[in-house]
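Examining the three-dimensional arrangement
Residue strings, one per chain:
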Amino acid sequence: MSDLVATRPKTWGRSTVHTACPLDCPDSCSLDVTVERGKLVRIDGNRAAASTEGYICGKVRRFDRRVYGAKRLRYPAVRAGAKGSGRFDRVSWDEALTLIADAMDEARRRFGAESVLPYHYGGSNGVLTNDFEDARFFRRFGASHLARTLCAAPTGAAATAMYGRMAGVGYSDYAQARLIVIWGCNPSASGVHLVSHINRAQAAGARVVVVDPRRTPLARKADLHLPVRPGTDLPVALSVINALFEGGQADLAFLAEHATGVEDLRRTARAWPIARAAAEAGIAPADLRTFVDWYATSTPAVIRCGWGQERSRNGGGATLAILALPAVAGKFKVRGGGYTMSNSAAWGITAEALIDVPAPPVRTVNMNHLGRALTEYRDPPVAMLFVYNCNPLATVPHQNLVQRGLEREDLFTVVFEQVMTDTAAYADVLLPATTFLEHYDVAKGYGAYHLHLVQPVIAAVGESRPNHEVFRELGVRLGLVADGDELGEAGALMDAAARLPGPHAETLLGGRPGVAPGDGQPIQFVDVHPRTPDGKVHLFPAALDAPRGLYHYEADPATPAYPLSLISPASEHTISSTLGELRPGIARVKINPDDARLRSIADGDAVRIFNDLGEVHCEATVTPEIRPGTVALPKGLWRQSTFNGSTATALVPDSLTDIAGGACFNDARVQLELLARH
Ligand SMILES: Nc1nc2c(c(=O)[nH]1)N[C@H]1C(S)=C(S)[C@@H](COP(=O)(O)OP(=O)(O)OC[C@H]3O[C@@H](n4cnc5c(=O)[nH]c(N)nc54)[C@H](O)[C@@H]3O)O[C@H]1N2
Ligand SMILES: Nc1nc2c(c(=O)[nH]1)N[C@H]1C(S)=C(S)[C@@H](COP(=O)(O)OP(=O)(O)OC[C@H]3O[C@@H](n4cnc5c(=O)[nH]c(N)nc54)[C@H](O)[C@@H]3O)O[C@H]1N2
Ligand code: SF4
Ligand SMILES: [Mo]
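Since the model is a prediction, treat every value here as computed from it, not as a measurement.

1. Section: the domain arrangement of the protein chain
Entries for the protein chain in the domain assignment read domain 1 (77-151 + 351-437 + 461-509), domain 2 (154-344 + 522-538) and domain 3 (564-676). The partner domain 3 presents 23 residues to the 24 residues of domain 2 that form the contact. Buried surface at the junction of domain 2 and domain 3, both sides included, amounts to about 1800 Å², of which 53% is carbon and sulfur. At the junction of domain 2 with domain 3, the criterion picks out 2 salt bridges. Linking D667 and R313 is a salt bridge whose minimum nitrogen-to-oxygen distance equals 2.6 Å. Our enumeration of links across domain 2 and domain 3 arrives at 13 residue pairs in polar contact (both at pLDDT 80 or more). Of the residues in the side of domain 2 that touches domain 3, the class split is 9 nonpolar, 8 polar and 7 charged.

Here's what the structure looks like:
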C-alpha cells in the first residue's frame, strides 16, 4: 500500500507514473503517464504488459483533451432550464447529494424502490468503477435490476453455453497460426494490439480470411474477404459446418470425446448447402468453398470472433455456429489454434464475490428497452433514472424514444459524468466524475491478457469524485451503510483487492500484472478446458433460452421502402461515444458506388438517411469499401456530428437478439436520399 501512496501526484516537478487504461477496449494497455506541475504532459505505452508493446492508440494518447476539455464537468450542478437545454447552476456536493437522496426517498415512498432505475454500461470497465460500490448501493436500496445487454449479451451467452467461457487464444499466439479468420471484428480500430501478430503470421506465410460487410484494413490485405450481408453469418457458418461433415473433414474422434449435441448440430447444418448460404449472404459460392477448404486443411487455424455479427436478430445463433467451427474441424490442442472471443471471464473475478450484497428479488429492466421503460412502464413507472458510466442518448437503440423519455417532466434524472454528454444535458442533477487518470481502479483486458492497477496520476479535476466514493456516501445518507464506513482514498481498492481470487491481489498491489491462464498464452484443450458443468463442448446447448429455437435463421427485415442495411461499427476516433465531443465536423455515411448512383449521390453530398423511427442528416462518402445494399455510420456519434442532431441509434430498432436480449444495432433498415449537393 505504501508503494501506491508514494506514487500519488506530485504538485511540482516532473514525474512519470505507471498505470493502465481501463476503457472499454479489449487491449487494456499499460501506460506511462508523465506529469509536470500536477498537469498531464504525456500519455504513452509501457511494456509492463507484454502485448502493449510500448505503444497505445491515438485516442488515449490525447486523452488530456478530455481531461482538461471545454466539456469537462467540474462541479455538481442542478438544472436551470428546460430538460435538454444544457443550462445548469453550480451547487455544492452536499446540496446535490441531499437532492438525490431526497428524490430517491420520495420515489420509494410514492411508487416503491423499484421505481428507481440505475443505468450504466461500459464507460469505465474497471473493477472498482462498475458493478461494485454502485451495485451494493442499488441492491441495498432495492432499485430495479438493469440487465446489461447493450453489448456482448448474445456472444457472452453463446460462449458460456458452449464452452463455459473457456479462455481464448492469446494475441501473441496468432503469430503461430497458418490460417487466421477475422469474423465480425475490426481490430485495426477496436483492439490494435492484435494486428502486429496477424501481420507477423501473414509475413510467415499464414493466410488471412475476413468475414465482414466492409472491406476493413485487414480485409484489404487478406487472402480472402467474404463481404457477407449483415445478419447472414448464421447460414454461412452452418454451411461450413455442413461441408466439413459432408466432406469427411469433421474431427469425429475429437467430437466423440469432447462434445455433446453433435448430431443435432449436424442435422441443423444440413439445411445450408454452400450454394444456398452463399446466395443468402450475397457472396460467391466459390469463395465460400475456398474458405471451407482452407479451414479444413490448415493447422494451426484460429478464429478471432468479434461483436459485429452479434448485433442482429440472428446474433446468438451466428456466434454459436462460428464458435462451433474449431470443435467440428478439430482445431484445438495446438498453439495458435482455436478461437478468441471475450476473455473477460478468464480472470475468475466474479461480480458476486466482489459485491457481497445479495441481489434482492426485484424487477429486471432490459437496458435496450430504455425508451419503453421511461415512456411505457407503469407498475411501477420509472420515477428516477440514475445514469453513470453511460451515454444512453448516444448509444442505446431507438434514440427518439429515449429522448422522449428523458424529456418527461415527472422523471428525476441524475447523470454522473466526466463531460457534458448529450445525455447529461437532460439531467436534473449533474455529478462530476473523475477519469481513470484521477482515481484508483483495476483494469481487466478482455482480449489481451492484462489485469493491472490503475492509479491516480493527477489530482481530481475541479470537484470531480470517483464512483465508489459517491455511491458510498449516498448509502450513508439513505441509512444503507453505517456512518463512518466511508472508505478513504485507496480504501475501495483495498476493499476490492481483498476479494479478488487467487494471487491477483498480491501481484496487483505489488505493482505486477495479474496472473493469466497459461501465462497469457493458453493452448485450448491443453492448458484451458471448457468450464461447462461436464467439461464438454455443448454444440447444441438446449438449456440456452432461445424462444425462436437454437440456430434458427430469421430472414432479412428489409422492405421495399427501406432496402438498405445500416451498420454502425466502432471507429478509431472514439470508444463507443467516449471522446465523441472531440470529433470535428460532420460525420459521413459510407455508401457503395452502385447504391449512390441509383440515388444520384456523389462523394461529399449531404444526405438524409431515414426509416420509420427517425432520420439522420449527414455527409456521404461513396466507396467500394462497403458492399452494395449496406451503408455504415460510425457508432458513438454525438449530436454535434450530424446536421440534425440525430445519430445512428435514431434508426436502430429496439428489437432484441435471438438469445440473451441483446441490441440489434446492425439490424437497422433504411432508405437514403440526397439532401444537398456538395
Ligand atoms: N477504437 C475503438 N475501439 C473499440 C471500441 C470503439 O468504439 N472504438 N469499442 C469497444 C467495444 S465496446 C467493443 S464491444 C469492441 C467491438 O469490437 P469489434 O467487434 O471489432 O467492433 P464492431 O465495430 O462492432 O464490429 C466489427 C466488424 O463487424 C462488421 N459487421 C457489422 N455487421 C456484421 C455482420 O452482420 N456480420 C459480420 N460478419 N460482420 C459485421 C463491421 O463492419 C465491423 O468491421 O471494440 C472495443 N474497442
Ligand atoms: N449505433 C451503435 N451504437 C452502439 C453500438 C453499435 O454497434 N452501434 N455498440 C454499443 C456498444 S458495443 C457499447 S459497449 C455501448 C457503450 O455505450 P455506453 O455505455 O454509453 O459507453 P460510452 O459511450 O463510452 O459512454 C460511457 C460514459 O461513461 C463516462 N464515464 C467513464 N468513466 C466513468 C467513471 O468512472 N464514472 C462515471 N460516473 N462515468 C464515467 C464517460 O465519460 C462516457 O460518457 O454502445 C453501444 N452503442
Ligand atoms: S483504448 Fe485500447 S488501445 Fe487505446 S490505450 Fe486503452 S487499451 Fe490501449
Ligand atoms: Mo461494446
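2. What to know about the packing of helix α10 (residues 233-246) against helix α13 (residues 274-281)
Orientation of α10 relative to α13, taken along the N-to-C sense of each, is 165°, at an axis distance of 9 Å. Judged on the interaxial angle alone, α13 and α10 are roughly antiparallel. By crossing handedness, the relation of α10 to α13 is classed as left-handed. On α13, the residues that touch P235, V236, S239 and A243 of α10 are I274, A277, E280 and A281. A per-class count over the contact of α10 with α13 returns 6 nonpolar, 1 polar and 1 charged.

3. Some thoughts on the packing of aromatic side chains
This structure, assessed with the given rule, holds 23 aromatic pairs. When the ring of F386 is compared with that of F471, the centres are 5.3 Å apart and the planes differ by 40°; the resulting orientation is tilted. Here F386 is found in strand β15 (residues 384-388), whereas its partner F471 is found in helix α20 (residues 467-477), with 85 residues between them in sequence. Summarising the burial analysis for this pair, F386 and F471 share the class buried. Here the aromatic residues F137, F138, F386, Y388, F416 and F471 are joined through ring pairs into a cluster of three or more. Over the aromatic face of F132 sits the side chain of R136, whose NZ or CZ is 4.6 Å from the ring centroid. Its guanidinium or amino end placed over the ring of W272, R276 lies 3.7 Å from that ring's centre, counting from NZ or CZ.

4. Notes on the sheet that holds strand β24 (residues 615-622)
Pairing is mixed in the closed barrel, where 6 strands are placed in the order β21-β25-β22-β24-β23-β26. Strand-to-strand twist across the sheet, computed as the mean angle between neighbouring axes with direction ignored, equals 45°. Where strand β23 (residues 606-610) meets strand β26 (residues 668-676), 5 bridges bridge the pair, whose relative direction is antiparallel. Paired with I609 across the strands is L672, a residue of β26.

5. Focus on the site of ligand 2
With respect to spatial proximity, 32 residues lie near ligand 2, and among them R66, E417, N467, S577 and T578 are the closest. The separation between a nitrogen atom of ligand 2 and a polar side-chain atom of N389 is 3.1 Å. Contact between ligand 2 and C390: an oxygen atom at 3.1 Å from a main-chain N or O atom of the residue. Coverage of ligand 2 by the protein amounts to 98% of the 930 Å² it exposes when considered alone. For the shell around ligand 2, a count of residues per class yields 10 nonpolar, 17 polar and 5 charged. Here the shell around ligand 2 spans two domains, since at least three of its residues come from each of domain 1 (77-151 + 351-437 + 461-509) and domain 3 (564-676).

6. Focus on the site of ligand 1
Taken together, 35 residues surround ligand 1, and among them S190, D212, R214, D233 and T574 come closest. Within the side chain of R214, one N or O atom sits 2.7 Å away from an oxygen atom of ligand 1. Interatomic distance of 3.2 Å between a side-chain N/O atom of N666 and a nitrogen atom of ligand 1. For ligand 1, whose accessible area on its own is 900 Å², the fraction buried by protein is 98%. For the shell around ligand 1, the two domains that each supply at least three residues are domain 2 (154-344 + 522-538) and domain 3 (564-676).

Conventions and cut-offs
Residues numbered from 1 in each chain as written. Chains lettered and ligands numbered in written order. Predicted model: local features only at pLDDT ≥ 70, side-chain atom pairs only at ≥ 80, totals over all residues. Heavy atoms only, no water. Domains from an automatic or database assignment. Contact = heavy atoms within 4.5 Å. Buried area = accessible area lost by both parts, 1.4 Å probe. Salt bridge = Lys/Arg side-chain N within 4 Å of Asp/Glu carboxyl O. Polar contact = N/O pair within 3.5 Å; in protein donor to acceptor, adjacent residues only side chain to side chain. Nonpolar A, V, L, I, M, F, W, Y, C, P; charged D, E, K, R; others polar. Axes fitted to C-alpha atoms, helices over the stretch in contact; angles between N-to-C directions. Helix = DSSP H or I, 4+ residues; strand = E, 2+ residues; numbered from the N terminus. Parallel < 35°, antiparallel > 145°, perpendicular 65-115°, else oblique. Left-handed = near helix turned anticlockwise from the far one by under 90°. Phe/Tyr/Trp six-rings, centres within 6.5 Å; stacked < 30°, edge-to-face > 60°. Buried < 20%, exposed > 50% of the residue type's maximum accessible area, 1.4 Å probe, protein only. Lys NZ or Arg CZ within 6 Å of the ring centre and 35° of its normal. Pairing = 2+ DSSP bridges. Near = heavy atom within 4 Å. Areas by Shrake-Rupley, 256 points an atom, 1.4 Å probe, with all protein chains shown as cover.

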